[in-house]
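In case you want the letters, here they are:
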Amino acid sequence: MNHHSRHLLRFPCQLFSLMLLLFLAGCGGGGGNSSDRPNPNDDAPATNSTTWTVTTTAGPGGSISPASTTVDEGTTTSFTVTPDTGYTIASVTGCDGNLSGDTYTTGPITADCAVTAGFALKRYTVTTTTGTGGTISPTSTIVDHGDSTSLTVTPDTGYAVASVTGCNGSLSGNTYTTGPVTADCTVTAGFTNVSYTISANATALPGSAPPVVGGQVQGAGGYADGAAVTLVAVPAPGFAFLGWEENGATVAVTPSYHFTASSDRSLTAHFAARHPFVDRMLERAPTLTVAVADFNGDGHADDLLADRIWLNNGRAGFRARSQDASQRFSYPSSWRATLPLDADGDGDDDVLTSGANGVVLFRNDGTGLMLPVPGAFGTTPPLADSGIPAAGDLDGDGDVDLAMATGSGTADVWFNDGQGGFNPGQDLGELSDSGDMAEFALADLDGDGDLDLVLAHGGTLSVHIWFNNGRGGFTSTQAPALDEMTRVATGDLDGDGHIDLVFGHANGTEIWFNDGQGGFSAATSG
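Computed from a predicted structure; not experimentally measured.

### Notes on the environment of Asp-401
Inspection of the secondary structure puts Asp-401 in strand 34 (residues 401–405). Judged by relative accessible area, which is 0%, Asp-401 ranks as buried. For Asp-401 and Gly-472, which are 71 residues apart along the polypeptide, the C-alpha to C-alpha distance reads 9.4 Å. Beyond its immediate stretch of four places on either side in the chain, Asp-401 contacts Ala-390, Ala-391, Gly-392, Asp-393, Leu-394, Asp-395, Trp-414, Phe-415, Asn-416 and Phe-422. In terms of polar contacts, Asp-401 uses its side chain to reach the backbone amide nitrogen of Leu-394, at 2.8 Å.

Structure, rendered in structure tokens:
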């Protein structure tokens, strides 16, 4: 039998032996009672597991859950950390753990321990941006959750705030206040260029056709807000600058007017005609009397100043009427009156002068040239030192007559002969205690349609009244008993249709009201 054959014979025997052993074990070792054998595990001690408690504490602004938990020794546990709205997790500590997101995981627990969570209020950054023309300050700021902040918006010179937006805010004046801030946000400001129109004009002289402008103005136009403005008025030759006017009020009297542009403005430069002859006219002094009339018939009011006529060119420019010295008005220091009147009925104004040298009539040739009229009062002219005469049609014949008084105490009426010559009329009588001034006024005092006479001559009982009979005959009537009256004027002062009287003297004024029949009573105060 070879080796291989012997191996095959041994395998069945080994298998049989194994099966026999298994059988005997199942039968309790060959028939014995298994319950009678002791169990070696019956006396082994029981196994005990150790646990620990992990507690939590949360500060203001959030929570941590669960509030506590029990953990087997050597194991870890996790908690959820939740901040309130507007808060963030500031720190979580305890139990050798670590935070990932909102989950805090402890280290292996080997004893009771505590986890503490702290929270912080969120803070946000408010940033700003601006366009051209201004600034915002501060440029950025940090704001706690839910709070507002204010920013100052400042436009540059010549600009204004156009818009401010962002962070749910609102603008009041130059202050922009955000709404409650709950996230980073940006405030944006825009600005717009601001300009004002400054207009300036020069006045045209009244009544001039075509309009005559007295000068030019410079500096008008558009100006940025806050810009410096200078307006300059340049008078034309023969004109002078009077002042700058705005809305009817004078704002400057110098040709150069400086101000800062802050609104639209419209100004007017006023000029007045200034002629070399006008300068001479205005510089003459003293001028005791003046008179205004159209002496040369061109429709413009001329002036009689000092010893000559000054003719108006219609643009408030004056020139002296050429005349030699013998044809000029005499000008003694006591000269008291110049009276324009059409003595000769030719349609232009002549001039009557009165004063220390007596009364002189100058006849107008129609161009403003005044020529003295010798013998205008015949062979018995009025006395020297005459007062202030009055002219009017006293006798109803259509030409101009005269009433005159003198400081020497006489009063007379002179009738016009229709040719510009005057003849003595009624002698009104002597004036008691006459002063050095006498003035006549003519008015219909009694309502009968003719001119009556009122005289104030200074001194005591200085007022006289004469009623006209319509033909130049005068009757003296009772007059107010007043002293030292040297001036008289007439007019309806109380609106009743009757001519009242006003008297002037060194200490004041007296007013007397007409009763409608030529009787007078003094006005009372109150």
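Next comes the rest of the write-up.
### Description of unusual backbone geometry
Backbone torsion omega between Ser-65 and Pro-66 reads -5°, so that peptide bond is classified as cis. Structurally, Pro-66 can be placed in the loop between strand 2 (62–65) and strand 3 (68–72). In the segment running from Ser-137 into Pro-138, the intervening peptide bond is cis, with an omega of -5°. On the secondary structure map, Pro-138 appears in the loop between strand 10 (134–137) and strand 11 (140–144). The backbone of Cys-167 shows a phi angle near 60°, a positive value even though the residue is not glycine. Structurally, the position occupied by Cys-167 is in the loop between strand 13 (159–165) and strand 14 (170–172).

### Structural notes on the side chain of Thr-77
Relative to the elements of secondary structure, Thr-77 occurs in the loop between strand 3 and strand 4 (78–83). A relative accessible area of 14% places Thr-77 in the buried class. Leaving out residues up to four positions away in the same chain, Thr-77 has contacts with Val-54, Thr-69, Val-71, Tyr-104, Thr-105 and Thr-106.

### Some thoughts on the state of the cysteines
Under the criterion given, the structure shown has 2 disulfides. Linked covalently through their sulfurs, Cys-95 and Cys-113 form a disulfide whose S-S length is 2.1 Å. Between Cys-95 and Cys-113 the sulfur-sulfur dihedral comes to about 115°; the bridge is accordingly right-handed. Of this pair, Cys-95 sits in the loop between strand 5 (87–93) and strand 6 (98–100) while Cys-113 sits in strand 8 (residues 113–121), and the two are 18 residues apart along the sequence. Judged by relative accessible area, Cys-95 falls into the buried class, the value being 12%. Bridging Cys-167 to Cys-185, the disulfide has an S-S length of 2.1 Å. Across the S-S bond linking Cys-167 and Cys-185, the dihedral sits near 115°, which makes this disulfide right-handed.

### Concerning the sheet that holds strand 16 (residues 185–193)
The 4 strands lie next to each other as 11-9-16-13, forming an open sheet whose pairing is mixed. Across the chains shown, the open sheet's two edge strands, defined by having one partner strand only, are strand 11 and strand 13. For this sheet the average axis-to-axis angle between neighbouring strands, irrespective of direction, equals 25°. By the bridge criterion, 5 bridges tie strand 9 (residues 123–130) to strand 11 in an arrangement that is antiparallel.

So, how was this worked out
- Residues numbered from 1 in each chain as written.
- Predicted model: local features only at pLDDT ≥ 70, side-chain atom pairs only at ≥ 80, totals over all residues.
- Heavy atoms only, no water.
- Helix = DSSP H or I, 4+ residues; strand = E, 2+ residues; numbered from the N terminus.
- Buried < 20%, exposed > 50% of the residue type's maximum accessible area, 1.4 Å probe, protein only.
- Contact = heavy atoms within 4.5 Å.
- Polar contact = N/O pair within 3.5 Å; in protein donor to acceptor, adjacent residues only side chain to side chain.
- Disulfide = S-S within 2.5 Å.
- Pairing = 2+ DSSP bridges.
- Axes fitted to C-alpha atoms, helices over the stretch in contact; angles between N-to-C directions.

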